[in-house]
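These are the residues of each chain, in order.
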Amino acid sequence: MYLALKEIFHEKLRYSLIIAMIVLITYLIFILSGLSTGLAGENTQAIDSWGAKSMVLNKDANVNLNQSLITDRQAEDANLTNREAVIGQAPVVAKHQGSPKESSSFVGIKNDQFIAKNLKIASGHKVHNNRQVVVDDQFKSDGYRIGDKIQLNSLSDKYQIVGFTKDAKLNVAPVIYGTLSAWKQLRGMENTNAFGSAIASKNVNYNANNSQLKKYSIAYFISKLPGYSAQNTTFDFMIGFLMIISLIIIAVFLYILTVQALPTYAVLRAQGIPAAALVRTIMGQSLILMAAGIIIGAALTLLTSRMIPIGVPIAFNVPMLSMISVGLLFMGVVGAAIPARKIATVDPVQVIGG
Amino acid sequence: MSVIELKNINKYFGTGTAKVHVLHDINFSAAKGDLIVVVGPSGSGKSTFLTIAGGLQTPSSGEVIVEGKPVSELNKKQRDKLRLNQVGFVLQSYSLVPYLRVKEQFEFVRKIKPNGNLGHEELENLLNELGIESLVNKYPGQLSGGQTQRVAIARALYANPEIVLADEPTAALDSARVIEVGKMFKELAERHNKAVVIVTHDTRLMDFADQTYEILDGRMSVRKPTHITNNQFES
């Protein structure tokens, strides 16, 4: 480590440039990871808040909440306990004079079931009748206020906002919580035998006792949200490629520096300096460069998170960022392995001649 | 008594028709206090001789004995230890780590080998003796050729070896500096009681030698002490 630090401090410009490259990559990885987490969160915030372990949908709905419809007959043997809650979901556009239109996800729920019971109200109160709704606080950010009467789709009936709830987004759209009756009205299914879109259960092994219904684990249900897996896979690939790029950068730079310094390493070997000490030097250098890059990259990310506009879906998952940092450090060690091998096998005779 | 001895050393490179016999039955020894100069033109095999003597290469046949121990019995790590503790190398170039100040060159050795080095006072005396005490905060790139060579000698001596092997220590030095370096090695052998072996094509160093050998086409012979002022083996 002694040689590693001395060389870095002596060759400040050279090593600053390498660190700058690592900072940029780390920063990009952290921001992408933040966007990935933020977007993933906006897909699943509402589902996460319910705390359900499984979802029952119509088996022909292709695990799509929008497409699922459960009838009263299908649900007659469902045996709903206090661990189950019926959901009626419909995509809607909310309008109110003087405020921007909001493409939203209407979620009809029953007041006596666990989703409604556990719903956390940031301001206002819960829904008491079919003409009241509780909305995600994005509405508040966009200028909607408690008491506003909003129009949903082209229905003439209006719904009054009686409360705001935080972090209620489903498939990136802000959620409007209302009653199941309101959901039926929105879907044009009043006076029909529509029961709901899905049954959420806190029981992993819940059985709805109907061959037309199918139970999915919550993880599988989430993975099948439209665009969710594709979006996450894209981000994962980008982060993976950046990790590989960081590996290549550190390997190439250290290799070039090592090749330039081979005569010095050869002399040190001739003087009896153990190869292990020199290998530790290159490994130490790599770890110092990566650690410096990661720390500066993290600081820049923190600064960015303070300055980024509220609407940008970015969220930082500290354990995940820590794992990425460890991964980058590991890449540094792997990247240093090639130059380390070069040092370990340097032949002092070459520099002396012979 | 010899501290280093080479017995019937032969060295071949290559195989088959490309096989080259680089060293022929070399017999050589050096005792503490000796300054031995091995002269020879480029390609004569003197660097091979030096690397075999220092345990950097193994001979094809024969034996190298350092302080009574055959080097062939040592594994790679033990040979590293031998060079770190008992053999000091002074090389033509790159002898010093370019990003370490002069004082840090010694500090680095101390970090690798904490015991058996010169003490603080002994190092100061050595630096004074070599006239480099004012250079301790300089980087190798800020030193002249002669200063670099003196620092390299100090660095080799810091680990307190019994044997000092020098490869072309006067390369690129003018005549005045060659005399200076020659005197320095002579003092090093006598005052510090080291066995000093210099391989060089610079015959001017023969003036300072207790014993001179000549290598020609891989064959070593004792050279009679003559005072040669011209550099006979220009490479």
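These numbers were taken from a predicted model, which means no experiment stands behind them. (Residues numbered from 1 in each chain as written. Chains lettered and ligands numbered in written order. Predicted model: local features only at pLDDT ≥ 70, side-chain atom pairs only at ≥ 80, totals over all residues.)

Undergrad: Can you help me understand the overall build of chain A in this one?
TA: Per the secondary structure count, chain A includes 12 helices and 13 strands. Its C-alpha atoms give chain A principal-axis dimensions of about 100 × 50 × 30 Å. Counting across all 354 residues of chain A, residues that qualify as buried make up 41%. Taking as baseline every contact in chain A between residues at least 6 positions apart, the subset at least 24 positions apart corresponds to 83%. (Helix = DSSP H or I, 4+ residues; strand = E, 2+ residues; numbered from the N terminus. Buried ≥ 20, exposed ≤ 12 C-beta atoms within 10 Å, placed from the backbone. Contact = placed C-beta atoms within 7 Å.)

Undergrad: Would you mind going over the interface of chain A and chain B with me for this structure?
TA: By a widespread convention, an interface's size corresponds to the accessible area lost as its parts come together. With 21 residues of chain A in contact, the opposing surface of chain B contributes 23 residues. For the side of chain A that touches chain B, the secondary structure elements donating two or more residues are helix H1 (2-10), helix H9 (262-270) and helix H12 (348-352) of chain A. Of the residues forming the side of chain A that touches chain B, the biggest block, five residues, is contributed by H1(A). In terms of residue class, the side of chain A that touches chain B is built from 12 nonpolar, six polar and three charged. (Nonpolar A, V, L, I, M, F, W, Y, C, P; charged D, E, K, R; others polar.)

Undergrad: Hey, could you run me through the UniProt feature "domain: ABC3 transporter permease C-terminal" (unreviewed entry) in chain A in this one?
TA: Taking the UniProt record as the reference, the feature "domain: ABC3 transporter permease C-terminal" (unreviewed entry) is found at residues 237-348 of chain A. A distance of 43 Å separates the end C-alpha atoms of residues 237-348 of chain A, which is 84% helix and 0% strand. (UniProt positions renumbered as here; feature names shortened; annotations may be inferred.)

Undergrad: When you look at the domain arrangement of chain B in this model, what are you seeing that I'm missing?
TA: Residues and elements named next belong to chain B. In terms of domains, chain B is made up of domain 1 (1-86 + 162-235) and domain 2 (92-160). A separation of 22 Å is found between the C-alpha centroids of domain 1 and domain 2. Each side of the interface is counted separately: domain 1 has 15 residues, and domain 2 has 12 residues. Elements with a contribution of two residues or more to the side of domain 1 that touches domain 2: helix H2 (76-85), strand S7 (163-167) and helix H6 (175-191). Partitioned by chemical class, the residues of the side of domain 1 that touches domain 2 number nine nonpolar, two polar and four charged. (Domains from an automatic or database assignment.)

Undergrad: Looking at this model, I keep getting lost on the UniProt feature "transmembrane region" (unreviewed entry) in chain A. Mind explaining?
TA: Residues and elements named next belong to chain A. The feature "transmembrane region" (unreviewed entry), as annotated in UniProt, sits at residues 15-35, 237-262, 282-303 and 315-338 in this numbering. Between the first and last C-alpha atoms of residues 237-262 the distance is 36 Å; the span itself is 96% helix and 0% strand. The span residues 315-338 is 88% helix and 0% strand, and its two end C-alpha atoms sit 36 Å from each other.

Undergrad: Explanation requested: unusual backbone geometry in the structure shown.
TA: Residues apart from glycine generally show negative phi values, whereas peptide bonds are mostly found in trans. Its identity as a non-glycine residue notwithstanding, A:Asn153 has a phi of 50°, on the positive side. Within the secondary structure, A:Asn153 sits in the loop between strand S7 (149-152) and strand S8 (158-165). The phi torsion at B:Asn8 lies on the positive side, around 45°, for a residue other than glycine. Assignment of secondary structure puts B:Asn8 in strand S1 (residues 2-13).

Undergrad: Would you mind showing me how to read the packing of helix H2 (residues 12-50) of chain A against helix H8 (residues 228-260) of chain A here?
TA: In helix packing, the relevant descriptors are the interaxial angle and the interaxial distance, both defined with respect to the helix axes. The geometry of H2(A) relative to H8(A) is characterised by a closest axis approach of 10 Å and an angle of 170° between their N-to-C directions. Judged by the angle between their axes, H2(A) and H8(A) are roughly antiparallel. (Axes fitted to C-alpha atoms, helices over the stretch in contact; angles between N-to-C directions. Parallel < 35°, antiparallel > 145°, perpendicular 65-115°, else oblique.)

Undergrad: In this structure, what is going on with helix H5 (residues 145-158) of chain B? I would like to understand it.
TA: Along an α-helix, residues three or four positions apart point the same way, because every turn accommodates 3.6 residues. Residue and element names in this part refer to chain B. Look at H5: 20 Å from first C-alpha to last across 14 residues, which is about the 20 Å you get at 1.5 Å a residue. Burial runs high along H5: 12 of the 14 residues are buried. The complete set of buried residues in H5 reads Gly-146, Thr-148, Gln-149, Arg-150, Val-151, Ala-152, Ile-153, Ala-154, Arg-155, Ala-156, Leu-157 and Tyr-158. Against the buried residues of H5 lie strand S6 (87-90), helix H3 (102-112), helix H4 (120-129), S7 and H6. (Expected span 1.5 Å × (residues − 1).)

Undergrad: Honestly, the pairing of strand S3 (residues 84-96) of chain A in this entry has me stumped. Any pointers?
TA: If a strand is regular, its side chains alternate between the two faces of the sheet. Residues and elements named next belong to chain A. Two strands pair when backbone bridges link them, and S3 and strand S12 (residues 198-201) are joined in this way by four bridges, in the antiparallel orientation. Opposite Glu-84, over in S12, you have Ser-201 as the bridge partner. In this structure, S3 lies alongside strand S4 (residues 99-109), joined through eight bridges in antiparallel fashion. Looking at S4, one finds that Val-92 is bridged to Ser-104. Between S3 and the antiparallel strand that follows it, S4, lie two residues; Gly-98 among them carries a positive phi value of about 90°. Relative to S7, S3 is paired through two bridges, and the arrangement is antiparallel. If you follow Ala-94 over to S7, its bridge partner there is Leu-152. (Pairing = 2+ DSSP bridges.)

Undergrad: Quick question: what am I supposed to make of the environment of A:Gly297 here?
TA: Residues and elements named next belong to chain A. Structurally, Gly-297 can be placed in helix H10 (residues 275-307). Look at Gly-297 and you get buried, because 24 C-beta atoms sit within 10 Å. Each C-alpha atom, one on Gly-297 and one on Ala-182, is 49 Å from the other, the two residues being 115 residues apart in sequence.

Undergrad: Would you explain the packing of H3(B) against H5(B) in this entry?
TA: All names here are of chain B. Between H3 and H5, whose axes approach to 10 Å, the crossing angle comes to 20°. Classed by the angle they form, the pair H3 and H5 counts as roughly parallel. For H3 against H5, the interelement crossing comes out right-handed. In this structure, H3 uses Val-102, Gln-105, Phe-106 and Val-109 to contact H5, whose residues at the interface are Val-151, Arg-155 and Tyr-158. Grouping the amino acids of the contact of H3 with H5 by side-chain chemistry returns five nonpolar, one polar and one charged. (Left-handed = near helix turned anticlockwise from the far one by under 90°.)

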